[in-house]
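Remarks on the overall topology
The chain contents come next:
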Amino acid sequence: MHRRNIIAIILGFLTGLLLILIGYTNPLDYAGYIILIWNILALPNQYLPIALLVNSVLQWLASFGGLTVIIGAILVGCKIERIGRWLIGLGAGMSMMTLLWRIVSILIGLAPLGSFLNGFNGLLGVTLVLAIITEELIVIEGI
């Protein structure tokens, strides 16, 4: 096994545990935004159910928070690097979407400034950085 993958597995477990400890799950449902963007771009309506199904599957996976990242690290250890990397990236992406939504909520006045400055967001930011580093460390063997 490649040394970078071993480091990625360790960081993946650490990131997943941090996400579990801070109680992170993705609280946002993007279906409303998908429908809005779909209508603005005037995309064909027959494909909208497929987009909403994909959204539901991703939402379900992201709702597990740290477990998704840990499962991704386990898959990397089992030499299923592509799917493991994808799951770790999903955890990082949903963490980033949550942080961005909080920033947007503050900017448009839906949340007070103090809500961004609490400890949860700081730890979520750290885990986001760790997840991105973990994902980038993974070497897909055979390529």
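These numbers were taken from a predicted model, which means no experiment stands behind them.

The rules we used
Residues numbered from 1 in each chain as written. Predicted model: local features only at pLDDT ≥ 70, side-chain atom pairs only at ≥ 80, totals over all residues. Heavy atoms only, no water. Helix = DSSP H or I, 4+ residues; strand = E, 2+ residues; numbered from the N terminus. Buried < 20%, exposed > 50% of the residue type's maximum accessible area, 1.4 Å probe, protein only. Contact = heavy atoms within 4.5 Å. Core = buried A, V, L, I, M, F, W, Y, C linked by side-chain atoms within 4.5 Å. Patch = residues over 30% accessible without salt bridge, like charges linked within 9 Å, V, L, I, M, F, W, Y side chains within 5 Å. Areas by Shrake-Rupley, 256 points an atom, 1.4 Å probe, with all protein chains shown as cover. Salt bridge = Lys/Arg side-chain N within 4 Å of Asp/Glu carboxyl O. pLDDT = per-residue confidence, 0-100. Lys, Arg positive; Asp, Glu negative; His and termini not counted. Axes fitted to C-alpha atoms, helices over the stretch in contact; angles between N-to-C directions. Parallel < 35°, antiparallel > 145°, perpendicular 65-115°, else oblique. Left-handed = near helix turned anticlockwise from the far one by under 90°. Nonpolar A, V, L, I, M, F, W, Y, C, P; charged D, E, K, R; others polar. Expected span 1.5 Å × (residues − 1).

When helices and strands are counted, the protein chain shows six helices and zero strands. Burial statistics for the protein chain: of 143 residues in total, 39% are counted as buried. Restricting to contacts in the protein chain with at least 6 residues of sequence separation, those with at least 24 account for 75%.

Our focus in this paragraph is the nonpolar core. Among the nonpolar cores identified, the biggest contains 16 residues, and Leu19, Leu124 and Ile138 are the most heavily contacted of them. Those elements that place two or more of their residues in this core are α1 (3-21), α4 (66-77), α5 (81-107) and α6 (119-137). Ranked by residues supplied to this core, first place goes to α6 with five residues.

Among the surface-exposed residues, Met96, Met97, Leu100, Ile103, Val104, Leu107, Ile108 and Ile132 lie close enough to one another that they form a single nonpolar patch of about 700 Å² accessible area. No other element matches the six residues that α5 contributes to the nonpolar patch.

Counting through the fold element by element, Ile70 comes out in helix α4. Setting aside chain neighbours within four positions, we find Ile70 in contact with Gly12, Phe13, Gly16, Leu17 and Ile20.

In this section: the confidence of the model for the protein chain. Across the protein chain, the average pLDDT comes to 81, with 83% of residues at 70 or higher. Within the protein chain, the lowest mean pLDDT, 77, falls on α6, and the highest, 91, falls on α4.

Examined against the element boundaries, Glu81 turns out to sit in helix α5. At 5.5 Å, Lys79 is the nearest oppositely charged side chain to Glu81, a buried residue that forms no salt bridge.

In this fold, Thr127 is placed in helix α6. Look at Thr127 and you get buried, because its relative accessible area is 2%. Residues within four places of Thr127 in sequence aside, it is in contact with Thr15, Leu18 and Leu19.

Take the packing of α1 against α4 next. Running from amino to carboxyl end, α1 crosses α4 at an angle of 165°, the nearest separation of the two axes being 7 Å. Compared by their axis directions, α1 and α4 come out roughly antiparallel. Both α1 and α4 take part in a crossing whose hand is left-handed. Counted together, Asn5, Ile9, Gly12, Phe13, Thr15, Gly16, Leu17, Leu19 and Ile20 of α1 and Gly66, Leu67, Val69, Ile70, Ala73, Ile74, Val76 and Gly77 of α4 form the full contact between these two elements. Taken together, the residues that form the contact of α1 with α4 break down as eleven nonpolar, six polar and no charged.

The contact between α4 and α5 brings their axes to 7 Å, and the two run at 160°. Comparing the axis directions of α4 and α5 gives the class roughly antiparallel. Relative to α5, α4 is oriented so that their crossing is left-handed. Contacts between α4 and α5 involve Thr68, Val69, Ile71, Gly72, Ala73, Leu75 and Val76 from the first element and Glu81, Ile83, Gly84, Arg85, Leu87, Ile88, Leu90 and Gly91 from the second. Along the lines of polarity and charge, the residues of the contact of α4 with α5 split into nine nonpolar, four polar and two charged.

This next bit is on α4. Its twelve residues place the ends of α4 17 Å apart at the C-alpha level, agreeing with the 16 Å of an ideal helix rising 1.5 Å per residue. Gly66, Thr68, Val69, Ile70, Gly72, Ala73, Leu75 and Val76 are the residues of α4 that are buried. Lys79 occupies a position one or two residues after α4 and carries a positive phi of about 65°.

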